[in-house]
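These are the residues of each chain, in order.
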Amino acid sequence: MDNVLSVLGIIGVVIYFITKHRETLEKLTKMQNIGILFTYIITSLIAGCVIYYGGAMMKEWFKSGILLTIIQFVYLIIVLSIAIYMLNRILRIITKGSFQGDI
């Protein structure tokens, strides 16, 4: 059931992104659109792996439940912030500035 909800969430985010940026995406070339898709996929996979394996390593280091939860939350925020920052930089390069910090 968790996998179904995750897939539905991903599909929802993709649909939202496409509808929000329809005009901009239509102005881009096919290769730029493929680059955007590839960048999103790679960024999501890397961030997911870093979060999953980093969280698993933290469970070994910290045994306290509340301390572990706080540290994992801060870790999650840091990883997602870095991923979003890198994604925005790469997309600006791919689209030659069409996306300006609105992703």
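Residues numbered from 1 in each chain as written. Predicted model: local features only at pLDDT ≥ 70, side-chain atom pairs only at ≥ 80, totals over all residues. Heavy atoms only, no water.

Visitor: Help me get a handle on the environment of Thr69, residues and values and all.
Guide: Assignment of secondary structure puts Thr69 in helix α4 (residues 65–95). Since its relative accessible area comes to 48%, Thr69 is described here as partly exposed. Residues Thr69 and Ile36, 33 residues apart in the sequence, show an inter-C-alpha distance of 33 Å. Of the polar contacts made by the side chain of Thr69, one reaches the backbone oxygen of Gly65; its length is 2.8 Å. (Helix = DSSP H or I, 4+ residues; strand = E, 2+ residues; numbered from the N terminus. Buried < 20%, exposed > 50% of the residue type's maximum accessible area, 1.4 Å probe, protein only. Polar contact = N/O pair within 3.5 Å; in protein donor to acceptor, adjacent residues only side chain to side chain.)

Visitor: Give me the environment of Ile66: which residues, what numbers.
Guide: Structurally, Ile66 is set in helix α4. Residue class for Ile66 comes out exposed when judged on its relative accessible area of 62%. Expressed as a C-alpha distance, the spacing of Ile66 and Thr19, which sit 47 residues apart in the sequence, is 40 Å.

Visitor: Before we move on, could you go through helix α3 (residues 30–61) and cite the residues and values that matter?
Guide: Given a rise of 1.5 Å per residue, 32 residues ought to cover 46 Å, and the 46 Å separating the end C-alpha atoms of α3 matches this to within 8%. Taken as a whole, α3 has its buried residues at Gln32, Gly35, Ile36, Thr39, Thr43, Ala47, Gly54, Gly55 and Met58. (Expected span 1.5 Å × (residues − 1).)

Visitor: Provide a residue-level description of the packing of aromatic side chains, including the pertinent values.
Guide: Applying the stated criterion to the full structure yields two aromatic pairs. Ring geometry for Tyr52 against Tyr53: centres 5.0 Å apart, planes inclined by 85°, an arrangement best described as edge-to-face. The two residues Tyr52 and Tyr53 agree in class, both being exposed. (Phe/Tyr/Trp six-rings, centres within 6.5 Å; stacked < 30°, edge-to-face > 60°.)

Visitor: Describe the side chain of Thr95, naming the residues involved and giving the relevant values.
Guide: Mapped onto the secondary structure, Thr95 falls in helix α4. Take Thr95: its relative accessible area is 3%, and that puts it in the buried class. Side-chain polar atoms of Thr95 contact the backbone oxygen of Leu91, separated by 2.7 Å. In this structure Thr95 touches Leu28, Gln32 and Ile36, once residues within four positions along its chain are discounted. (Contact = heavy atoms within 4.5 Å.)

Visitor: Help me get a handle on α4, residues and values and all.
Guide: Think of an α-helix as turning once every 3.6 residues; residues three or four places apart then point the same way. In a regular helix each residue adds 1.5 Å, so 31 residues correspond to 45 Å; α4 covers 44 Å between its end C-alpha atoms and thus fits that length. In this structure, the buried side of α4 is in contact with α3.

Visitor: Describe the confidence of the model for the chain, with residues and values.
Guide: Residues at a pLDDT of 70 or more form 93% of the chain, whose mean pLDDT is 83. Within the chain, α4 carries the highest mean pLDDT (89), whereas helix α1 (residues 2–20) carries the lowest (79). (pLDDT = per-residue confidence, 0-100.)

Visitor: Can you tell me about the packing of α3 against α4, naming the residues and giving the values?
Guide: Viewed as axis vectors pointing N to C, α3 and α4 meet at an angle of 160°, and their least axial separation amounts to 10 Å. Overall, the two elements α3 and α4 adopt an arrangement that is roughly antiparallel. As for how α3 packs across α4, the hand of that crossing is right-handed. In terms of residue class, the contact of α3 with α4 is built from 17 nonpolar, eight polar and one charged. (Axes fitted to C-alpha atoms, helices over the stretch in contact; angles between N-to-C directions. Parallel < 35°, antiparallel > 145°, perpendicular 65-115°, else oblique. Left-handed = near helix turned anticlockwise from the far one by under 90°. Nonpolar A, V, L, I, M, F, W, Y, C, P; charged D, E, K, R; others polar.)

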